[in-house]
Amino acid sequence: MKTPPLFSIITVTRNDVWSLTKTARSVFQQVCTDFEYIIVDGASEDSTLSLVDFWKIQGLVTKSVSEKDTGVYNAMNKGLKMARGQFVCFLNASDVFADDDVLEKVGRLVQDRVLDGILGWGELNDQIWASWIEDEAFKMASLGFCHQALFARRTLLLEQQFDERPFKTDSDTRQLGQLYEHGAQISILPEVLALRGGEPGISADLERTRISINCTLIEEYPGLSDAQAEQIIDFRRKCTGVGNMLALMAQPDERLARHVAYMVLDTLFQKASKVFDKTQVETLTDKALEVLDADGNADALQPVEQLICAQARRAGFLNDNDVARDDLDRAVSKFQGEEEGRIKKVRAALPVGDKATSSSMVISLTSFPARIKTVHFAIRSLMEQTCRPKEIHLWLGRDEIPGRNWLPGRLRELEERGLQIHFADRTVHQYDKFMHNAALNGDDPFVIVDDDVIYPPQALEHLFKAHQEYPDAVIGNRCHRIGVGKDGTIVSYKDWKREQRMPRPSLQLLPTGAGGVLYPVGFLSDAMVTNVDDILSCAPYADDIWLKATALARAIPTMATALSHGADWYHRYTPSMWAGTLQYANVERGLNDTQIGQCLEWVARIRPDWHAEMLKDGVDGV
Amino acid sequence: MAFEMEIPYRAFFAAEERPADFQDLLHACFDTRGELRATIAPDHVRLEVLDQVNNAGKLRLSGCWRAPDFQPDDLESLAAKLTLPFLFKIAAVGLPHSQIYTLGHDHRPLADFFMRNLFLAICRDVATTCETITTAAAVAQGVSDFQRQYFSILKATFDEPALEQGSANDAIGFIQANAYLPILNFNNPLLQHGAQHLRFILSKRGEHSRIGHLKSQVLEAREKMLVHFDT
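Residues numbered from 1 in each chain as written. Chains lettered and ligands numbered in written order. Predicted model: local features only at pLDDT ≥ 70, side-chain atom pairs only at ≥ 80, totals over all residues. Heavy atoms only, no water.

### Regarding the sheet that holds strand E4 (residues 59–65) of chain B
Residue and element names in this part refer to chain B. To be explicit about the condition: A pair of strands counts as paired when DSSP detects no fewer than two bridges linking them. Runs of E in the DSSP output that reach at least two residues are strands. Runs of H or I that reach at least four are helices, and both are numbered from the N terminus. Comment: axis = line fitted to C-alpha atoms, over the contacting stretch for helices; angle = value between 0 and 180 degrees taken between N-to-C directions. Whether two residues are in contact is decided by their heavy atoms, any of which lying within 4.5 Å being enough.
Spatially, six strands are ordered E1-E3-E2-E5-E4-E6 in an open sheet, and the strand pairing comes out mixed. Looking along the sheet, the strands with just one partner apiece sit at the ends: strand E1 (3–8) and strand E6 (128–132). Averaged over neighbouring strand pairs, the angle between their axes works out to 20° when direction is ignored. Of the pairings in the sheet, the one linking E4 to E6 comprises five bridges and is parallel in character. Directly across from Arg60, in E6, lies its bridge partner Thr129. In the packing of helix H2 (residues 22–32) onto the sheet, contacts are made with E1, strand E2 (35–40) and strand E3 (44–50), and the angle to E3 comes to roughly 30°.

In structure tokens form, the structure reads like this:
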């Protein structure tokens, strides 16, 4: 019998496939591989199963199930019963691990010490869920935590399964409180282990969570009335009813009083507590400490010291975030100055901008929060070209960037120069570049570019001229040559020759978006290109590879421009080029090879002779 | 009317070196119904008779507490008060005329005169004020010598094996530690009760200190956290 893995990572999902791509990639990128990955799908009607199949083929997904469930906790219990690992973590769709070494870090701790689990911290947009109390009082202390950062012993979780009642939204908090109540040794690790998904989950429904938390409080604290439970929730959310909390801390039920005291202290560190005046803060603090010190037991005060340390550390993390933001802002300012200088020289030397020749090219790109402060550099470089595009479209996901008010001024300024900014309801990540507006390619050549590259002033001119010479070919400023072994098989992506060009269009060239890729009229508007099921089962993380596959399926060759040469290729990158890059997963971890393999199988189903055609199309590169 | 004199430090603590004109000072103290005060300086001791204005009848000690936890009210019980000179580093002692019960023997040092009258006053549960001065002003050597003087009186009064441990300094150290931890077991119930009472009070004082400290830490940490919510 195989040894059970150390971890079971379980993802619950339903109709959220593009969020699932983030989660699965995060699991894939973990340095520690001693885990099984289980996906519990609630009979999704989108392309979730296609993505699950991709990851099964790759070997990441160990088990999966897709069937109706009665809610998220029902699904989580289902996953729990499927698991075999010693420790379980629930990382639901749109959640990701904070780093690639989370499992390694936690694994070391649980193996070095006799623990029933590790509870780390979670983060979302500068909000940090900083758990601090290792006690049954967890049920009330923070009225919530980041379950994505909990790694608990499977056997114990099975004894305290999630409450599946349909109205429950806090079953994870209650479960953890019950684990502590039953003596579980779950140690808190004051580090951010997970980033919560930005999409609203069940806990975003305030009314529903109120009902759920009220129920938990009344059931866990038999002496608590419904009104008192409401008072606790109001205090927690709105910091109202100071007198009510003082009264609760003064009532005779010591356990309740103690837990309320912890909750009060925790609340003092939440943003909502800014409404308190100095006297209220001191009164609440005094009463809470008095309650905790009531029997002279020093142990009751120790969690307060843990709270103080946790909050100091939380403040430290937020400070680090502020420093990183300031550093980026400084880098952007510096870069801005350098770009102004470069553009000035370009304008002096070349006919760019208004002096450029016009073209029918439609440019399209996408971006995301980590690069939103720098994408304007890339777009501006596309406006300072010797060949002017017809249109430039920027696609953003509203689930990542809620609206125009979130955009930097320098980006919005470019709208006056013709930039069109669009918001899709849900991002499809790098596929945002063309999925929403592929129909524009029905009439005009369509150029896909990246959001972190400063394009040289003749980049578009190279593309357009090559397009005029080869109107049916895909044109790329940066192309790699597909590596073919002596036996004719495709070799690993990392062994392909980079930045190659050939004297004529070839099926053997893979154009990459970093250089800018022009797709001939009708290429993207063909329905096969935007088939989500196929995309997700073949190349969920590599739009370049997918588009190449669709080219091979139609025997459409690629022409590399003169820029596609190592020495000529080098473009400048914006300061945030490494943010959110897929380089690690795709190249270093070999995911590109999986995607290439899947894509070529798909091509073979459509065009069985593609391989022979490609081999015949080879010409020695220059 | 004030009378004062200075005598060499060594002479204050040395037996059979009581200056002859100390008697004049003593008489002046009784005549004026004043306070006889001895203040330790690095190389001398100043003796003076002072008017009693606000401290009529009270013992007046100047010095500093051995640890920040102590407060005068801690020594409310007689039993605890007996350890006062070990917990309050005495740099100056003022005896009101009404509390001078013994003139001592001529062969005993002046320091014995002051400490013995202090001891007797404590035994009578006389009201005492403890004025805190800076540690710089409290001469270390004088404090120790006063403590040893007092210890010898205590030891002679109570037949206690616990007071026979090691040298006088050792025993004084044990008495001081006994205020926090039960390391001495007195046969005399008065001394035993006094030590227990002191430990109880200091334990509660320590807890309050801890609570106060925790509170200030909570408030300080909260202030630092709230800064992040300003933007």
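### Describing the sheet that holds strand E15 (residues 446–448) of chain A
Residues and elements named next belong to chain A. Pairing in this open sheet of seven strands is mixed, and the strands run E14-E13-E11-E15-E20-E17-E21 from one edge to the other. Pairing within the sheet leaves two strands with one partner each, and these edge strands are strand E14 (419–424) and strand E21 (558–560). Mean inter-strand twist for the sheet, computed between neighbouring axes without regard to direction, equals 25°. Note: E15 against strand E20 (residues 517–519), three bridges, orientation antiparallel. Counted as the bridge partner of Phe446 is Tyr519 from E20. Contacts between helix H14 (residues 375–383) and the sheet are confined to strand E11 (362–366), strand E13 (391–397) and E14, with E13 contributing the most and set at about 165° to the helix.

### Let's talk about a nonpolar patch on the surface
All names here are of chain B. So the rule is basically this: A patch consists of residues exposed above 30% relative accessible area that lack any salt bridge, with like charges linked at up to 9 Å and nonpolar side chains (Val, Leu, Ile, Met, Phe, Trp, Tyr) linked at up to 5 Å. Every accessible area reported is derived by Shrake-Rupley at a probe size of 1.4 Å, with residue values counting cover from the shown protein chains alone. The term salt bridge refers to a pairing of a side-chain nitrogen on Lys or Arg with a carboxyl oxygen on Asp or Glu at a separation within 4 Å. To sort residues, take the accessible area from a 1.4 Å probe on protein chains only and compare it with the maximum for the residue type: under 20% means buried, over 50% means exposed, and anything in between is partly exposed.
A surface patch of nonpolar side chains, about 360 Å² in accessible area, is lined by Phe174, Tyr180, Leu181 and Ile183. Secondary-structure assignment places Tyr180 in the loop between helix H7 (168–178) and helix H8 (189–226). Given a relative accessible area of 35%, Tyr180 falls into the partly exposed group.

### What to know about the interface of chain B and chain A
What counts here: Here the buried area means the combined drop in accessible surface, using a 1.4 Å probe, for two parts upon being joined, counting both sides. Think of a polar contact as two N or O atoms within 3.5 Å of one another; within protein, one of them needs to be a possible hydrogen donor and the other a possible acceptor, and neighboring residues in sequence only count if both atoms come from side chains. The classification used treats Ala, Val, Leu, Ile, Met, Phe, Trp, Tyr, Cys and Pro as nonpolar, Asp, Glu, Lys and Arg as charged, and all other residues, Gly among them, as polar.
Each side of the interface is counted separately: chain B has 16 residues, and chain A has 26 residues. Interface of chain B and chain A: buried area, both sides summed, is about 2000 Å²; carbon and sulfur atoms make up 68% of it. If you sort the residues of chain B by the area they bury against chain A, Arg222, Met225 and Phe229 of chain B come out on top, with a joint share of 30%. Applying the counting rule to chain B against chain A returns three salt bridges. Across the pair Glu305 of chain A and Arg210 of chain B runs a salt bridge whose closest N-O atoms are separated by 3.0 Å. At the surface where chain B touches chain A, the tally comes to eight residue pairs in polar contact (both at pLDDT 80 or more). Partitioned by chemical class, the residues of the side of chain B that touches chain A number eight nonpolar, two polar and six charged.

### Side note on the packing of aromatic side chains
The condition is simple: Pairing of aromatic rings covers Phe, Tyr and the six-membered ring of Trp, with a centre-to-centre limit of 6.5 Å; geometry is then stacked below 30 degrees between planes, edge-to-face above 60, and tilted otherwise. Over a ring means this: the NZ of a Lys or the CZ of an Arg is within 6 Å of the ring centre and within 35 degrees of the ring normal.
If you walk through the whole model with that rule in mind, you get 29 aromatic pairs over all chains. For the pair Phe86 of chain B and Phe151 of chain B, a centre-to-centre distance of 6.5 Å together with 65° between the ring planes defines the contact as edge-to-face. Here Phe151 of chain B lies in helix H6 (residues 140–157) and Phe86 of chain B lies in helix H4 (residues 84–87), a separation of 65 residues in the sequence. The same class applies to Phe86 of chain B as to Phe151 of chain B, namely buried. Clustering of aromatic rings is evident, with ring pairs tying together Tyr9, Phe12, Phe13, Phe22, Phe113, Phe114 and Phe146 of chain B. For Arg498 of chain A, the ring lying beneath its charged end belongs to Tyr493 of chain A, and the centroid distance is 4.8 Å.

### Topic: the pairing of strand E2 (residues 35–41) of chain A
Residue and element names in this part refer to chain A. Quick note on the threshold: When the strands point away from the viewer, a crossover counts as right-handed if the route from the first strand across the helix to the second turns clockwise.
Counted residue by residue, E2 has seven buried out of seven residues, so it is predominantly covered. Side chains Phe35, Tyr37, Ile39 and Asp41 project from E2 onto one buried face, and the interleaved Glu36, Ile38 and Val40 project onto a second face that is buried too. Looking at chain direction, strand E1 (residues 7–13) and E2 are connected through seven bridges and run parallel. When the bridges of E2 are listed, Val12 appears paired with Val40. Since E1 and E2 lie parallel, the crossover through helix H1 (residues 17–28) that links them has a hand, and here it is right-handed. Here E2 runs beside strand E3 (residues 61–66); their pairing, made up of five bridges, is parallel. Note that in E3 the partner of Val40 across the bridge is Val65.

### Thoughts on the packing of helix H7 (residues 171–181) of chain A against helix H8 (residues 206–220) of chain A
Residues and elements named next belong to chain A. Note the cut-off: Should an angle fall under 35 degrees it is called roughly parallel, over 145 degrees roughly antiparallel, and 65 to 115 degrees roughly perpendicular, with every other angle called oblique. Crossings are sorted by hand: turned counterclockwise from the far helix by less than a right angle, the near helix makes the crossing left-handed, and turned clockwise it makes it right-handed.
In the contact formed by H7 and H8, the axes pass within 11 Å of each other and the chain directions differ by 20°. For the element pair H7 / H8, the angle class is roughly parallel. The interaxial crossing formed by H7 with H8 has right-handed handedness. In this structure, H7 contributes Arg174, Gln178 and Glu181 to the contact, and H8 contributes Thr216, Glu219 and Glu220. Classifying every residue of the contact of H7 with H8 by side-chain character gives no nonpolar, two polar and four charged.

### Some details on the environment of Phe86 of chain B
For Phe86 of chain B, a relative accessible area of 0% translates into the label buried. In this view, Phe86 of chain B contacts Arg66, Gln147, Tyr150, Phe151, Leu154, Ile172, Ile175 and Gln176 of chain B; residues no more than four positions away in its chain are not counted.

### So, the pairing of strand E9 (residues 186–195) of chain A
Residues and elements named next belong to chain A. In terms of burial, E9 is largely enclosed, as seven of its 10 residues are buried. Note: strand E5 (residues 96–97) against E9, two bridges, orientation antiparallel. Bridge assignment links Phe97 to a residue of E9, and that residue is Ala194. As defined by bridge partners, strand E6 (residues 117–124) adjoins E9 across six bridges and the pair is classed as parallel. Its bridge partner being in E9, Leu119 is matched across the sheet by Ile188.

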